[in-house]
Amino acid sequence: MRRLIPQSFYDRSTEQVARDLLGLVLVRRWRGKETASMIVETEAYDGFDDRASHAHGGRTARNEMMFGPPGHWYVYLCYGMHWMLNMVTRERGYPAAVLIRGVEDMWGPGRLTSALHITGAQNGTLAFCRDGLWVEDRGLTIHHSKIQTTPRIGVAYAGAWAHAPRRFVYDPLARRT
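Summarised in this report is the structure supplied together with it. It should be emphasised that the depicted structure is a prediction, and the values quoted were computed from it without experimental measurement.

Quick notes on the rules
Residues numbered from 1 in each chain as written. Predicted model: local features only at pLDDT ≥ 70, side-chain atom pairs only at ≥ 80, totals over all residues. Heavy atoms only, no water. Helix = DSSP H or I, 4+ residues; strand = E, 2+ residues; numbered from the N terminus. Rg over C-alpha atoms; globule rule 2.2 N^0.38 Å. Contact = heavy atoms within 4.5 Å. Areas by Shrake-Rupley, 256 points an atom, 1.4 Å probe, with all protein chains shown as cover. Lys, Arg positive; Asp, Glu negative; His and termini not counted. Charge placed at Lys NZ, Arg CZ, Asp CG, Glu CD. 1 Å grid on protein atoms, 1.4 Å probe; cavity = no way out; pocket = protein on both sides within 12 Å on 5 of 7 lines; lining within 4 Å. Points joined across faces, edges and corners; volume = space filled by probe spheres on them. Nonpolar A, V, L, I, M, F, W, Y, C, P; charged D, E, K, R; others polar.

### A word on the overall build of the chain
Phase 1 of the analysis: Scanning the chain from terminus to terminus reveals 3 helices and 10 strands.
Phase 2 of the analysis: Ordering the α and β elements of the chain from the N terminus gives β-α-α-β-β-β-β-β-β-α-β-β-β.
Phase 3 of the analysis: A globule of 177 residues ought to have a C-alpha radius of gyration of about 16 Å, and the chain, at 15 Å, matches this closely.
Phase 4 of the analysis: Overall size of the chain, expressed as C-alpha extent along the three principal axes, is 45 × 40 × 30 Å.
Phase 5 of the analysis: Taking as baseline every contact in the chain between residues at least 6 positions apart, the subset at least 24 positions apart corresponds to 61%.
Phase 6 of the analysis: Just so you have it, the chain exposes about 8,600 Å², and 52% of that area is on carbon and sulfur atoms.
Phase 7 of the analysis: Separation of charge centres in the chain, based on 23 positive and 17 negative side chains, amounts to 3 Å.

Put into structure tokens, the structure is as follows:
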């Protein structure tokens, strides 16, 4: 089963989308080759108050895509060398996105985008169309006990927001309770 994830999936709470992306499959078609990998690590960035969010300082040319509509990719360059892949969530006009931090056998957002040839060219493109980069459901159901929730990584500058439990990791070896 290969079911494309509809736009309505992304038009929800950012934290819920971040959790629900785990176990779904990120598909990249590049130069005629299709690569598919299960999403295993995400981070939620939600609104103006979230000091770790690009939107905390207001709307800019860089973060414009975060303001919607949901179901579009927000891709930006970090430190002038690493592309970061994010999924826009919630309603148009509200800045929220989920960083895709890792897929199976590929940990780290910069490594992921490099390996999948993701660049700023994908910024603003649709994630719910089979057109270069999209997300599919291939039937895996993840029990909540297999998801670890932790603080986000690399956002110490955000003060108390750095400790917010908005990083979600699928751990298939976690004990069921």
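The rest of the description comes next.
### Things to note about the layout of surface pockets
Phase 1 of the analysis: When its volume is computed, the largest pocket comes out at roughly 440 Å³.
Phase 2 of the analysis: As for the largest pocket, its lining consists of 24 residues, of which Tyr76, Cys78, Met84, Gly154 and Val155 are closest to the centre.
Phase 3 of the analysis: Of all the secondary-structure elements, those providing two or more residues to the lining of the largest pocket are strand 3 (33-46), strand 4 (73-78), strand 5 (82-88), strand 6 (96-103) and helix 3 (109-115).
Phase 4 of the analysis: Counting residues per element, the lining of the largest pocket draws most heavily on strand 4, which supplies 4 residues.
Phase 5 of the analysis: Its residues placed into classes, the lining of the largest pocket shows 15 nonpolar, 6 polar and 3 charged.
Phase 6 of the analysis: When its volume is computed, the second largest pocket comes out at roughly 190 Å³.
Phase 7 of the analysis: Lining the second largest pocket are 15 residues, and of these Arg19, Asp20, Leu22, Leu24 and Leu140 lie nearest its centre.
Phase 8 of the analysis: Split into classes, the residues belonging to the lining of the second largest pocket amount to 8 nonpolar, 3 polar and 4 charged.

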